[in-house]
Amino acid sequence: MDMSMLVRPETENMISGLMLELGIPAHLKGYQYLRSAINMCVDDMELIGSVTKLLYPDLAKKYATTDQKIERAIRNAIEVSWERGNAELFKKLFGYSNGSGHSRPTNSEYIASVADYVRLEEGYV
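The structure reproduced in this document is the subject of the present report.

## Details of the overall build of the protein chain
When you go through the protein chain residue by residue, the secondary structure sums to 6 helices and 0 strands. In the protein chain, the order of α-helices and β-strands from amino to carboxyl end is α-α-α-α-α-α. Here the C-alpha atoms of the protein chain give a radius of gyration of 13 Å, agreeing with the 14 Å that 2.2 N^0.38 yields for 125 residues. Its C-alpha atoms put the protein chain at 40 × 30 × 25 Å along the principal axes. Counting all 125 residues of the protein chain, 44% fall into the buried class. As presented, the protein chain carries roughly 6500 Å² of accessible surface, and 50% of it is formed by carbon and sulfur atoms.

Next comes the structure, spelled out in structure tokens:
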């Protein structure tokens, strides 16, 4: 079953808006993968505890690719985001930004933080 179908359209719009504000260009493969991953985690936060065992394999099936390519494309999108994104939004979501000397968030941290923010804003909790 396609988990992203369970997410409301306004939630998808919010996720897309956040990702663009976070500096992820829509043309990157990782943009699509990350948006789907966040959608799935908004619906089921348990997935964030099993990124490599459940989330990446589900995404790989959906996009007819491998877990490794999913992980790498998401990591690349986050690296681009870290360099280009809105520092204030990073501080709001993660508590730090590129200018604060921290290294970029991991894939899991990034997905979890954005999904949690969306859940709170959209009243899923």
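## What about the pattern of salt bridges?
If charged atoms from side chains of opposite charge come close, those side chains can pair. For the structure shown, the criterion picks out 3 salt bridges. Between Arg-104 and Glu-79 there is a salt bridge, and its shortest N-O distance comes to 3.7 Å. Within this pair, whereas Arg-104 is found in the loop between α5 (87–94) and α6 (107–122), its partner Glu-79 is found in helix α4 (residues 67–84), the two being separated by 25 residues in sequence. We classify Glu-79 as partly exposed; its relative accessible area is 36%. One salt bridge in this structure joins Lys-91 and Glu-88, with 3.8 Å as the shortest N-O distance. With Lys-91 and Glu-88 both in helix α5 and 3 residues apart, this pair spans about one turn of that helix.

What counts and how
Residues numbered from 1 in each chain as written. Predicted model: local features only at pLDDT ≥ 70, side-chain atom pairs only at ≥ 80, totals over all residues. Heavy atoms only, no water. Helix = DSSP H or I, 4+ residues; strand = E, 2+ residues; numbered from the N terminus. Rg over C-alpha atoms; globule rule 2.2 N^0.38 Å. Buried < 20%, exposed > 50% of the residue type's maximum accessible area, 1.4 Å probe, protein only. Areas by Shrake-Rupley, 256 points an atom, 1.4 Å probe, with all protein chains shown as cover. Salt bridge = Lys/Arg side-chain N within 4 Å of Asp/Glu carboxyl O.

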